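Residues per chain, in single letters:
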Amino acid sequence: MSEFFKAELKDRFLEYALERTDYFEIQSLYDEFLRPNYNLQFVEKLVREILEYDPGLLDVMNGNGMDMFLLASTNTTQDFLDDGGFMDMYVKEEERWDVFLDQLSGPKKNSKIEKKRIGKGNPGLKKEKTLLIVLISAIAISFLFTLGSIFKETLWEPDYVPADEFERKIQQLQEQYIQENQRLQTQLQQAEHALDSLTR
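All values derive from a computational prediction rather than experimental measurement.

*Asks:* It is not clear to me how the nonpolar core should be interpreted in this structure. Could you clarify?
*Replies:* For soluble globular proteins, the rule of thumb is that nonpolar side chains tend to be buried together. The biggest cluster of nonpolar side chains holds 25 residues, and the ones touching the most others in it are F13, L14, I26, L29, V43 and V47. Of all elements in the fold, only α1 (3-19), α2 (26-34), α3 (40-53), β3 (66-73) and α4 (75-82) reach the threshold of two or more residues within this core. With near-sequence residues (within four places) excluded, F13 lies in contact with L29, F33, L34, V43, L46, V47 and I50.

*Asks:* Explain a nonpolar patch on the surface to me, please; I cannot follow it from the model alone.
*Replies:* Taken together, the side chains of W97, F100, L101 and L104 define a hydrophobic patch exposed on the protein surface, amounting to about 430 Å² of accessible area. With a relative accessible area of 44%, W97 lands in the partly exposed category.

*Asks:* How should the sheet that holds strand β2 (residues 58-63) be read in this particular structure?
*Replies:* Sheet strands associate in pairs through backbone hydrogen bonding, adopting either a parallel or an antiparallel arrangement. What the three strands build is an open sheet, ordered β1-β3-β2; its pairing is antiparallel. Two strands lie at the open edges of the sheet, namely β1 (24-25) and β2, each paired on one side alone.

*Asks:* Teacher, can you tell me more about the packing of α1 against α2 here?
*Replies:* A packed helix pair is summarised by two numbers, namely the angle formed by the two axes and the spacing between the axes. Packing of α1 against α2 brings their axes to within 11 Å, and their N-to-C directions diverge by 125°. Accordingly, the angle class assigned to the pair α1 and α2 is oblique. At the point where α1 passes α2, the crossing takes the right-handed sense. Only S28, L29, E32, F33 and L34 of α2 make contact with α1, whose side of the interface consists of L9, R12, F13 and Y16. In the contact of α1 with α2, the residues fall into six nonpolar, one polar and two charged.

*Asks:* Would you mind showing me how to read the side chain of T77 here?
*Replies:* Looking at the element boundaries, T77 is found in helix α4. Using a relative accessible area of 0% as the deciding quantity, one classes T77 as buried. Within the structure, the side chain of T77 is placed 2.5 Å from the backbone oxygen of L57, a separation counted as a polar contact. Side-chain polar atoms of T77 contact the backbone nitrogen of T74, separated by 2.9 Å.

*Asks:* Explanation requested: α3 in the structure shown.
*Replies:* Two residues of an α-helix separated by three or four positions point the same way, owing to the 3.6 residues in each turn. The terminal C-alpha atoms of α3, which comprises 14 residues, lie 20 Å apart, in line with the 20 Å expected from a rise of 1.5 Å per residue. Where α3 is concerned, the buried positions are L40, F42, V43, E44, L46, V47, I50 and L51. Buried positions along α3 lie against α1, α2, β2, β3 and α5 (85-105).

*Asks:* For this particular structure, what's the right way to read the pattern of salt bridges?
*Replies:* Two side chains that carry opposite charge are able to pair once their charged atoms sit near each other. The final tally for this structure, using the stated rule, is nine salt bridges. The salt bridge partner of D31 is R35, with a shortest N-O separation of 2.8 Å. Of the residues examined, D31 reaches a relative accessible area of 40% and is grouped as partly exposed. In this structure, K45 engages E49 in a salt bridge whose closest nitrogen and oxygen atoms are separated by 2.9 Å. Of this pair, K45 and E49 both sit in helix α3, separated by four residues, roughly a single helical turn. Take K45: its relative accessible area is 37%, and that puts it in the partly exposed class. Residues joined by salt bridges that share partners form a network here, namely K10, K45 and E49.

Definitions and cut-offs
- Residues numbered from 1 in each chain as written.
- Predicted model: local features only at pLDDT ≥ 70, side-chain atom pairs only at ≥ 80, totals over all residues.
- Heavy atoms only, no water.
- Core = buried A, V, L, I, M, F, W, Y, C linked by side-chain atoms within 4.5 Å.
- Buried < 20%, exposed > 50% of the residue type's maximum accessible area, 1.4 Å probe, protein only.
- Helix = DSSP H or I, 4+ residues; strand = E, 2+ residues; numbered from the N terminus.
- Contact = heavy atoms within 4.5 Å.
- Patch = residues over 30% accessible without salt bridge, like charges linked within 9 Å, V, L, I, M, F, W, Y side chains within 5 Å.
- Areas by Shrake-Rupley, 256 points an atom, 1.4 Å probe, with all protein chains shown as cover.
- Salt bridge = Lys/Arg side-chain N within 4 Å of Asp/Glu carboxyl O.
- Pairing = 2+ DSSP bridges.
- Axes fitted to C-alpha atoms, helices over the stretch in contact; angles between N-to-C directions.
- Parallel < 35°, antiparallel > 145°, perpendicular 65-115°, else oblique.
- Left-handed = near helix turned anticlockwise from the far one by under 90°.
- Nonpolar A, V, L, I, M, F, W, Y, C, P; charged D, E, K, R; others polar.
- Polar contact = N/O pair within 3.5 Å; in protein donor to acceptor, adjacent residues only side chain to side chain.
- Expected span 1.5 Å × (residues − 1).

Shown next, in the form of structure tokens:
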């Protein structure tokens, strides 16, 4: 949740307290403004932040096992909201940051001597600029050649074997193995017959 939204909620809590003439449960703030997207603990956190800024903005009573159970407005609640409340504080803080960042990012005014130096131009800087351009160009060309060779290898000259061809070669090897195995078994049987005939 943004700080802007938190500031707006705190002001709404205080306005709600002013509308009520009696003490009300902190649960009422949750039901009124933050149900169902947030939880009761978040309401308690925002109320604590209000009290940390100024304990006199709300009158708080504990009870029902809670540190903050009942709330009510005080004499200073209306005055604080009339002065702008938390939203005004947020806007002023943002404006201060904007001014500070503008001062940091604002262009530095050059002295007359620096302007003359810039106007004349420094030959050393020109030489460095030229060398830098040549170096960047060389790197870019090298990068393009590398990129081209990668594309050439991956797209136009694949070194891999397609899966179906690989499977076909495996099947051929298995068939050759089976045929060779059968041939050897046949030779073995013939040799055994020959031995049997010799022993008889």
